[in-house]
Amino acid sequence: MTTQEAIHRALTMVSEDTNFIDNPAWLNAVKEGYLDLPGYTDLATVNKLPSCARVDLVVALVKSCGYTQSGSPWLQLKDPTSSVEASIHHKAYAKGMFAGKVKTGVCLVLRNIVLFRSHKTTCLNITSANLPCMIDK
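Keep in mind that this is a model prediction, so the values were computed, not measured.

1. Examining the overall build of the chain
In step 1: A count of helices and strands for the chain gives five helices and six strands.
In step 2: Listed by position from the N terminus, the elements making up the chain come as α-α-α-α-β-β-β-α-β-β-β.
In step 3: The buried share among the 137 residues of the chain stands at 42%.
In step 4: Residue pairs at least 24 apart in sequence account for 60% of intrachain contacts in the chain once pairs closer than 6 positions are excluded.

Printed below as a string of structure tokens:
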């Protein structure tokens, strides 16, 4: 896929959200073909899956990050179709190979991830094993 095709695809996937048009990490994820890999699931589909389901591949931007009241790292992830919350294991957030690099605006590639549902909220459970790649510009 050429750069122009990748950018065109990224722009056509977006409706009114400029987070994806202006974000180099998302454009690089599209260009590198992560959205075309077998098992890719968008967040709108993830939000419809039952609790404890396992998803092969998710690619999403970090919209925001912070900590819960108990001190656990917490992320808000977003793709052009929807958004979802995610808990991230403290070792993946602070001690793993991506320590200190998980921040707003980066694109996470998540493999074999488990989701949990509490009431109407979907939450992805991220560990070091689920985070093989992170794209930052």
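We are not done yet, so read on.
2. Observations concerning the nonpolar core
In step 1: Ranked by internal contacts, the top residues of the largest apolar core, which has 24 residues, are V58, L75, L77, L108, L110, L124 and I126.
In step 2: Elements represented by at least two residues in this core include exactly α4 (43-46), β1 (54-67), β2 (73-78), β3 (83-88), α5 (90-94), β4 (107-118) and β5 (121-126).
In step 3: When neighbours within four sequence positions are excluded, L75 is seen to be in contact with V62, S64, C65, V84, E85, A86, I88, Y93, V102, L108 and I126.
In step 4: Core analysis: the next-biggest nonpolar cluster, separate from the first, contains 14 residues, F20, A25, L57 and C107 among them.

3. Quick look at unusual backbone geometry
In step 1: Of note in this structure, C52 is not a glycine but carries a positive phi near 70°.
In step 2: Turning to its location among the elements, C52 is positioned in the loop between α4 and β1.
In step 3: Even without being glycine, N112 reaches a positive phi, approximately 50°.
In step 4: The residue N112 is located in strand β4 in this model.

4. Some thoughts on the pairing of β1
One face of the sheet, then the other: side chains in a regular strand alternate in exactly this way.
In step 1: Bridge analysis of β1 against β4 gives seven bridges, and the strand direction is antiparallel. Across the sheet, residue R54 finds its bridge partner in β4, namely V114.
In step 2: Between β1 and β2, which pair antiparallel and follow one another directly, the connecting turn spans five residues, one of which, G71, has a positive phi of 95°.

5. Remarks on the environment of S64
In step 1: Turning to its location among the elements, S64 is positioned in strand β1.
In step 2: Taking the C-alpha atoms as reference, S64 lies 9.5 Å from E85; in sequence the two are 21 residues apart.
In step 3: Every residue in contact with S64, bar those within four places of it in the chain, is listed here: W74, L75, Q76 and T104.

Rules used in this analysis
- Residues numbered from 1 in each chain as written.
- Predicted model: local features only at pLDDT ≥ 70, side-chain atom pairs only at ≥ 80, totals over all residues.
- Heavy atoms only, no water.
- Helix = DSSP H or I, 4+ residues; strand = E, 2+ residues; numbered from the N terminus.
- Buried < 20%, exposed > 50% of the residue type's maximum accessible area, 1.4 Å probe, protein only.
- Contact = heavy atoms within 4.5 Å.
- Core = buried A, V, L, I, M, F, W, Y, C linked by side-chain atoms within 4.5 Å.
- Pairing = 2+ DSSP bridges.

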